[in-house]
Amino acid sequence: MDQSLSLQVVPAWFIVLPDTDAAGALAVKALSYADRSLTHASGRPWLVGRWAPKTVVTGTYGGTRIAVIGEHAVTARDAERAAAAIDAGPPTTWDRAADWAGSFHLVVSDGDRVSVRAGAVDLRRVFHTRAGTSGRGPVSVASDRADVLAELVGAELDERRIALEMLGAPYPRAGDPLWRGLHAVPAGHCLTIHHDARVHTRRWWSPPDPVVPLAVGAGHLREALDEAIEVRVRGRDLVTSDLGGLDSTAVCCTAARSGTRVVAYTAGIHDAAGDDVYWARRTVEALNGIEHHIIPAQGVAMTFDGIDALEDVLDTPSILTVDRNRRMGIVELAAARGSDLHLTGLGGDELLAGTPARLHALLRTHPLVALQAVRGYAAKYRWSRRGVLRQLLDRSPYRTWLRRVARDLTEPAVPEGEPLLGWAVPPRMPPWATPDAVGTVRELLRAELSDVRPRGRGHGEHRELVAMDGISQWTRHIGQMAAPLGIGVSAPYYDTRVIEAALAVRPQERITPWRYKPLIVEAMRGVVPEASRTRDTKANATYEEEAGLREHRRGLLALCEDSRLARLGLVDERILREWCSRALAAETESYRLHPTIACEVWLRSRELTPPATSRAAPRHGREPAPASPSGLPTVNRET
């Protein structure tokens with residue numbers, strides 16, 4: 001595998017370095033691939049990488065420097081005020097000082113330590129590792145991409161973690177970096193690196209208490225979504241947007257109110273119940289002025305399209321890989337249209353529809369309301385009374401559930417139609433996983449069980465936050481796929497302020513079997529046209545999955561030849577080939593292929609050879625950096 005693939009070809013990344021001589025060698029290596037850098041007050045490199053200038057704002061006060069990286073409307077004056085507040089107070093001060101709209105990393109240089117944090121969920125991530133240096137002691141460094149960090153320090157691939165990815169790892173192992181010695185900072189936590197290489201994390205964000213009435217919360221959500229979209233579209237002549245389900249319709253219509261020109265895209269699907277095109281047309285007719293493009297179902301790629309020829313450089317395997325060409329079709333059209341920002345409604349389902357698992361808590365606080373909801377959900381989804389009662393009466397802690405998962409890895413999959421009231425649907429290892437792979441996963445899941453805590457307070461909050469973490473990583477992967485096209489993919493529902501506004505609403509009003517996403521319906525009064533605001537339908541892509549398996553079987557079978565997973569001893573190639581050779585039901589069988597195919601494609605992508613011109617190509621509209629007398633690139637240094 002190329003040890004500088006990502007450093008060379010990834011168009012956007014950054015490394016966070018402590019203010020110490022021990023970081024010097026890593027700084028030199030990072031600078032040789034970077035086109036921008038920021039320095040500590042001492043003049044040593046602090047932030048090194050590649051980024052568009054408009055995405056980064058810095059502020060300095062006394063001995064404190066801060067950098068805001070991402071989607072935001074923070075000014076230099078805002079950053080300076082935040083730096084002043086941080087300089088004067090304890091570490092928790094900057095939780096309030098940097099409470100801005102948008103989605104961003106916040107990095108602080110404060111004397112003998114550096115700190116970095118991202119958002120409330122895993123849309124933006126922070127990875128860190130400790131590396132040895134020649135004669136200068138160890139040093140800890142961080143990055144927003146695991147692959148870039150691994151290449152920088154020369155970390156080796158950890159095959160055990162790939163086995164865990166084949167499972168579809170449950171919390172807290174989902175999204176673990178796949179290199180030895182690398183660690184991920186949990187969402188909602190801040191990482192601090194000290195000059196002596198010590199690191200620690202602290203929680204800076206917790207979900208709000210869900211006590212706000214729906215009518216009040218709808219106003220808060222509308223305001224938060226307005227701000228989230230405003231910071232993204234401000235100063236742009238044109239943005240593109242998905243216009244499909246209710247969530248993306250809300251985003252598109254909010255953007256249209258900003259005065260920025262909006263070009264909307266709607267993809268058709270083969271499902272007879274797929275009425276996105278119908279509702280999108282009604283919305284556009286009522287708004288009058290949005291440029292609208294419809295991609296007929298026949299023009300949309302099926303699942304597994306091009307699966308054996310993908311060359312995206314991602315820092316983790318992504319189950320989105322199987323739908324890569326289908327998902328990226330609109331993004332590619334948007335980039336060709338001239339957009340450098342594409343808005344999506346991803347995140348709305350988990351945040352706005354929520355989960356019936358909230359019934360656990362509701363039974364204690366509002367038993368009559370909860371019992372009515374139980375009956376409603378059971379009728380709506382045809383859940384058995386016995387299954388509902390079993391899950392609602394199960395009060396075992398999350399670590400017990402995880403212990404059962406480790407025990408039952410090779411048991412039959414949970415039957416379709418089981419209630420969704422537990423901590424999660426227990427994952428199972430696929431039939432083609434080798435005994436060694438199963439044993440490795442079981443060992444990893446059982447490790448540190450005594451320290452495992454759920455993601456949220458109770459089943460419902462846990463399940464919603466874990467779902468947001470998972471789907472936000474899909475969105476992050478779409479962004480990594482789109483970056484080489486020069487377009488950003490933006491998901492406002494994952495902004496911390498938007499998440500807080502929604503989660504603060506009483507669950508019995510936000511999540512109900514009797515209404516479809518009532519919170520966004522109420523929040524969008526006067527924003528989304530009445531002709532489509534109360535839409536309550538949502539189709540799926542089952543046909544695209546099953547037809548895609550038939551149409552692209554040859555590509556799947558090509559991945560079974562000389563399988564990289566088989567080389568690692570994780571997959572029985574014969575059994576995998578048998579599964580890829582036969583018809584599979586989309587919702588009960590085909591989905592089991594997704595994590596394995598994601599891992600196989602990812603391993604192959606790490607073998608790609610960077611184009612000879614990859615390091616010399618202009619980035620973000622700038623010419624390549626000239627060489628300095630020392631032979632290293634002269635990067636654009638900012639203070």
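Residues numbered from 1 in each chain as written. Predicted model: local features only at pLDDT ≥ 70, side-chain atom pairs only at ≥ 80, totals over all residues. Heavy atoms only, no water.

Next up on the list: the overall build of the protein chain. When its secondary structure is counted, the protein chain shows 26 helices and 18 strands. Here the protein chain has a C-alpha radius of gyration of 24 Å; the compact-globule value for 639 residues is 26 Å, and the two agree. Taken along its principal axes, the extent of the C-alpha atoms in the protein chain is 70 × 55 × 50 Å. A buried classification covers 56% of the 639 residues belonging to the protein chain. For the protein chain, long-range pairs separated by at least 24 residues make up 72% of all intrachain contacts whose partners lie at least 6 apart in sequence. With the model as given, the accessible surface of the protein chain reaches about 26000 Å², and the carbon-plus-sulfur share is 51%. Averaging the coordinates of the 80 positive side-chain charges in the protein chain and doing the same for the 78 negative ones gives two points 4 Å apart. (Helix = DSSP H or I, 4+ residues; strand = E, 2+ residues; numbered from the N terminus. Rg over C-alpha atoms; globule rule 2.2 N^0.38 Å. Buried < 20%, exposed > 50% of the residue type's maximum accessible area, 1.4 Å probe, protein only. Contact = heavy atoms within 4.5 Å. Areas by Shrake-Rupley, 256 points an atom, 1.4 Å probe, with all protein chains shown as cover. Lys, Arg positive; Asp, Glu negative; His and termini not counted. Charge placed at Lys NZ, Arg CZ, Asp CG, Glu CD.)

As a further point, take the sheet that holds strand β17 (residues 488-490). The strand order across the open sheet formed by five strands is β15-β14-β13-β16-β17, and the pairing between neighbours is parallel. Here the strands that pair on one side only, and so sit at the sheet edges, are β15 (291-295) and β17. Strand-to-strand twist across the sheet, computed as the mean angle between neighbouring axes with direction ignored, equals 25°. Summarising the sheet, strand β13 (residues 238-242) and strand β16 (residues 341-343) pair through two bridges and their orientation is parallel. In the sheet register, Thr240 faces β16, and the bridge partner there is His342. Here helix α8 (residues 246-256) sits on the sheet and contacts β13, β14 (261-267) and β16; the angle it forms with β13, its principal contact strand, is near 160°. (Pairing = 2+ DSSP bridges. Axes fitted to C-alpha atoms, helices over the stretch in contact; angles between N-to-C directions.)

The subject of this paragraph is the pairing of strand β6 (residues 103-110). Extensive coverage of β6 is indicated by the burial of seven of its eight residues. Examined bridge by bridge, strand β5 (residues 64-71) and β6 share eight bridges and lie antiparallel to one another. Bridge pairing in β6 links Gly70 to Phe104. Alignment of β6 against strand β7 (residues 113-117), held across five bridges, turns out to be antiparallel. If you follow Val108 over to β7, its bridge partner there is Ser115. In sequence, β6 turns back onto β7 through a hairpin of two residues, with Gly111 there showing a positive phi of about 70°.

A separate point is the side chain of Ser590. Within the element layout of this structure, Ser590 appears in the loop between α25 (573-581) and α26 (593-605). One polar contact links Ser590 to Glu545, side chain to side chain, over a distance of 2.4 Å. Residues in contact with Ser590, not counting those within four places in the same chain, are Phe304, Glu545, Leu549, Leu584 and Ala585. (Polar contact = N/O pair within 3.5 Å; in protein donor to acceptor, adjacent residues only side chain to side chain.)

A few words on the packing of helix α7 (residues 214-233) against α8. The interhelical angle for the contact between α7 and α8, taken along N-to-C directions, is 65°, at an axis separation of 10 Å. The angle between the axes of α7 and α8 places the two elements in the roughly perpendicular class. Considering only the axes of α7 and α8, their crossing is right-handed. Facing Leu225, Asp226 and Ile229 of α7, the residues of α8 in contact are Val251, Thr254 and Ala255. Of the residues in the contact of α7 with α8, the class split is four nonpolar, one polar and one charged. (Parallel < 35°, antiparallel > 145°, perpendicular 65-115°, else oblique. Left-handed = near helix turned anticlockwise from the far one by under 90°. Nonpolar A, V, L, I, M, F, W, Y, C, P; charged D, E, K, R; others polar.)

Within the secondary structure layout, Thr254 lies in helix α8. Overall, Thr254 belongs to the buried group, its relative accessible area being 5%. Here Thr254 is in contact with Leu225, Asp226, Ile229, Met524 and Val527, once residues within four sequence places are set aside.

Turning to α25, a few remarks are in order. The set of residues buried in α25 consists of Ile575, Leu576, Trp579 and Cys580. Across the axial projection of α25, the buried residues extend over an arc of 135°, all falling on one side. Buried residues along α25 sit against α23 (553-560) and α26. N-capping of α25 is provided by Asp572, with a side-chain oxygen placed 3.1 Å from the backbone N of Arg574. (Arc of directions from axis to C-beta.)

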